[in-house]
Each structure stands twice: as structure tokens, then as C-alpha cells.
Amino acid sequence: MIWLIFGVMLLAAALCVAWPLYRRERRLSPGLLTGVGTVLVVSAVVYSMVGTPVPPAMPDVGEMMASLEARLAEHPDDLDGWKMLGRSYMQLENYPEAVRAFERAVDLEGPNNAQTLVSLGEAVLGTDRDALTGRAGQLFENAVTVGPDNPRALFYAGMAAAMRGDTPLAADRWEALLAQSPPPEIQAILRERIAVWRGEASAAPAAASAGPVIQVDVSLSDDARAAVGPDATVYIIARDPAQPSPPIAAVRRKASELPLTVALGDADSMIPGRLLSSFDQLEIVARASLSGQPLAQAGDWYGQQTIAAGDTVQIRIEQKVP
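This structure is a prediction, so every number in the text was calculated from the model and none was measured. (Residues numbered from 1 in each chain as written. Predicted model: local features only at pLDDT ≥ 70, side-chain atom pairs only at ≥ 80, totals over all residues. Heavy atoms only, no water.)

Draft legend 1. Inspection of the environment of V228 at higher detail. Mapping V228 onto the fold places it in helix 11 (residues 222-228). By relative accessible area, V228 is classed as buried at 11%. A sequence separation of 63 residues divides V228 from S291, and the C-alpha atoms of the two residues are 9.9 Å apart. With near-sequence residues (within four places) excluded, V228 lies in contact with A255, A288, L290 and W301. (Helix = DSSP H or I, 4+ residues; strand = E, 2+ residues; numbered from the N terminus. Buried < 20%, exposed > 50% of the residue type's maximum accessible area, 1.4 Å probe, protein only. Contact = heavy atoms within 4.5 Å.)

Draft legend 2. Main features of unusual backbone geometry. Put simply, L258 and P259 share a cis peptide bond, and its omega is 0 degrees. Along the chain, P259 turns up in the loop between strand 3 (249-254) and strand 4 (260-265). The residue E93 is not glycine, and still its phi comes out positive at about 60 degrees. Examined against the element boundaries, E93 turns out to sit in the loop between helix 4 (79-91) and helix 5 (95-109). What makes E93 partly exposed here is its relative accessible area of 40%.

Draft legend 3. Quick look at the pairing of strand 6 (residues 301-308). With eight bridges joining them, strand 5 (residues 281-289) and strand 6 adopt antiparallel strand pairing. Bridge assignment links E283 to a residue of strand 6, and that residue is T306. By the bridge criterion, two bridges tie strand 6 to strand 8 (residues 319-320) in an arrangement that is antiparallel. When the bridges of strand 8 are listed, W301 appears paired with K320. (Pairing = 2+ DSSP bridges.)

Draft legend 4. Quick look at the side chain of T116. Within the element layout of this structure, T116 appears in helix 6 (residues 114-127). Looking at T116, the relative accessible area reads 4%, which means it is buried. Engagement of the side chain of T116 in a polar contact is seen with the side chain of E109, the distance being 2.4 Å. Other than its neighbours up to four places away in sequence, T116 contacts K83, F102, A105, V106 and E109. (Polar contact = N/O pair within 3.5 Å; in protein donor to acceptor, adjacent residues only side chain to side chain.)

Draft legend 5. Here's a closer look at helix 8 (residues 151-164). For helix 8, built from 14 residues, the straight-helix expectation of 20 Å at 1.5 Å per residue is met to within 8% by its first-to-last C-alpha distance of 20 Å. When helix 8 is considered as a whole, its buried residues turn out to be P151, R152, A153, L154, F155, Y156, A157, G158, M159, A160 and A161. Among the residues of helix 8, the N-terminal cap falls to N150, whose side-chain oxygen and the backbone nitrogen of R152 are separated by 3.1 Å. Phi turns positive, to about 90 degrees, at G165, one or two residues after helix 8. (Expected span 1.5 Å × (residues − 1).)

Draft legend 6. Structural detail: the sheet that holds strand 5. If you trace the five strands from one edge of the open sheet to the other, you get 3-2-5-6-8, paired in antiparallel fashion. Either end of the sheet is taken by a strand with one partner, and the two such strands are strand 3 and strand 8. Bridge count for strand 2 (residues 233-239) against strand 3 is six bridges, and the pairing is antiparallel. Looking at the pairing, I237 lines up with A250 of strand 3.

Draft legend 7. Local environment of helix 9 (residues 167-178). Compared with the 16 Å implied by 1.5 Å per residue over 12 residues, the 16 Å span of helix 9 between its first and last C-alpha is a close match. Of all the positions in helix 9, only A170, A171, R173, W174, L177 and L178 are classed as buried. Projection of helix 9 onto a plane perpendicular to its axis shows the buried side chains occupying an angular sector of 165 degrees, all on one side. (Arc of directions from axis to C-beta.)

Draft legend 8. Spatial organisation of the packing of helix 4 against helix 5. Two numbers describe how helix 4 lies on helix 5: the axes approach to 8 Å, and their chain directions differ by 160 degrees. Of the possible angle classes, the one that applies to helix 4 and helix 5 is roughly antiparallel. Classified by chirality, the crossing of helix 5 by helix 4 is left-handed. On helix 5, the residues touching L79, W82, K83, L85, G86, R87, Y89 and M90 of helix 4 are Y95, E97, A98, R100, A101, F102, R104, A105, L108 and E109. A class-by-class count of the residues in the contact of helix 4 with helix 5 yields 11 nonpolar, one polar and six charged. (Axes fitted to C-alpha atoms, helices over the stretch in contact; angles between N-to-C directions. Parallel < 35°, antiparallel > 145°, perpendicular 65-115°, else oblique. Left-handed = near helix turned anticlockwise from the far one by under 90°. Nonpolar A, V, L, I, M, F, W, Y, C, P; charged D, E, K, R; others polar.)

Draft legend 9. Inspection of the packing of aromatic side chains at higher detail. Enumeration over the complete set of coordinates arrives at four aromatic pairs. Judged by centre distance (5.4 Å) and plane angle (65 degrees), the ring pair of F155 and Y156 falls under edge-to-face. Overall, the relative accessible area of 0% leaves F155 in the buried class. Clustering of aromatic rings is evident, with ring pairs tying together F140, F155, Y156, W174 and W197. (Phe/Tyr/Trp six-rings, centres within 6.5 Å; stacked < 30°, edge-to-face > 60°.)

Draft legend 10. Molecular detail of the pattern of salt bridges. Using the criterion set out here, one finds 14 salt bridges in the structure. Note that R198 and D172 form a salt bridge whose closest N and O atoms lie 2.5 Å from each other. In this pair, R198 is assigned in the loop between helix 10 (184-197) and strand 1 (212-220) and D172 in helix 9, connecting sequence segments 26 residues apart. In this structure D172 comes out as partly exposed when scored by relative accessible area, which is 39%. Of the charged contacts, one joins R316 and E318 as a salt bridge, the two residues approaching to 3.5 Å between their closest N and O atoms. For R316, a relative accessible area of 41% translates into the label partly exposed. A network of salt bridges, in which partner residues are shared, links E69, E97 and R100. (Salt bridge = Lys/Arg side-chain N within 4 Å of Asp/Glu carboxyl O.)

Okay, here's the thing in C-alpha cells:
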């Protein structure tokens, strides 16, 4: 069970790392590709091992959350209740409320529980994808200090160290993670990345084709344009219809630039060895983000289609995320 949880955590963390790198560079250099790609490959291996979980039938989520909030209002010192509330908000992707709940849990039990610090750090990452080098990174540093064997703390603190350029420390932390005997497939990938950080090996990205793979004509409906405004960030994302997360490729534009035609090619791919040109079908999503975040939030507007690779597709952003 711990490696199932760890695998889900790996995927979430990889997305947190990939997007700020992509936004900052506007392209993925070989070094960035190999670093982010390693994390994503690890998560893909774990996903393939455990399959897709089938969630059990759940009662009304709104009623459950309201009941838990009411109980905590009456018993504000219920530590387990605040942790449960934080985990519930994480599942709902309501990261600001998850931060609030985990902050209260840390206040109640003090800063010496590595697991709670990691949970708070993950929630902070949900609100700010660049926070791995900021507040979230510091929380993971604190977590690995008080819980040097915590796998999630070791993973995140290793990634934070690598992003700061402290690759020897990153290698130390992932070696400690390796010592916890993950599955053989994960061990091999961890060892490869550790070797790169130690300067004992080099990694090269997969070869990419030169030309565009698809052309996307993106436009906004009148309702969407009025709702999002000209400064909203528009993400044009290519995904595998069979496994939408993580995305294969993405570019970013402003709503004021629409309508426009965007060419997506292998140079826009986010993961080494996972190129647009290797897919027969692609799901294209264009989303106007009110928050500026790449993950969909309530109130965003979007349009999407599934097409054959090599086609030109017209996407009109006219649906609202509930």
C-alpha cells in the first residue's frame, strides 16, 4: 500500500515540477527533460503495476464536508479531525482549504510530525506550482529533518534540492529512499537519476521530429471572453485519450491573443520518450484559466476534441468548469 500511495504522490509532484519549469523556460532543455521525465516515468511504472483504482460508492460529499466542518467548529482541538478535513479537501482539489486544515493540524501538534508537514507542503504546492523552491520546499526540508525515513519527505526534499542545484544533497535523499526497497522498476530509475546527480552518467532526450504534429485553431465564445477577460492564461494541451494525465505536450497563450492557430510538435513534449508524433490519437484541450494554474479549477472555460495525429482541429472555448 505504501508504494501505491507513493506512486500517486510521484505523479502529483512531477506535474508540480514540470509546469513551472515549462513556464519559466518556454521550452524543455535536455537537462530539464531528463529531470522531470525521470519522475514521470517512475509514476507511470507504479501506475501500470497497480492499475486504475475503482472508488467505492460515497455519500454526498457536500454533506460530509459540512458535517466535518461543523464538528470541528464545536471541537477546534480535534487534531485527527483537522487532518481528515485536510485530506478530504486534497481529494476535492480545494487546495486553499486543505492548507488551512493542515496549518491548524500543525499548530495543534507542533512542527515535529513529518507526515503532517509533508501533507501541508503538498497542499501548498496545489496553490502555487512554483512553491517547491519556496514555502513548500521549506516544509519538506523540515519534514525530512524530523522524519529522515519518511519516503514522501525524502522524495520532495530531493526534488527541491535538485531544483536549487544541490544535486549531491538530492542524490543523498534519493539514495535514502532507495534503501527502503521500492519495487525493482522504481529502483532502476532512482539509481539512474542518482548517477546523473553524482556525475557518474549522462542522459539524452529522445529524438524529436522537426515539424508540427497538429495545428489547433483556438477561439473564445462571447460568453467565455466576457467571463475570463483579456489577461486570462489559455493552456492548449495535448493528452493521450487512454491516459489523460500527465499531458503529452502543452503551450500557453493569453486570452487577448485569441483567435489564433497554434502548432504543437515534438518540441513541446513534456516527457522524454513520450512524443506527440508517437500517438495515433490525441485529445486536445484548450482552457482559459481564471487562476493562471494549469490544473482545471471551477469557473474556468474550456473546449476539447479527440482527433487523429496530423489533423488540424478547431476548438471553441465555450464550456464552463462547474
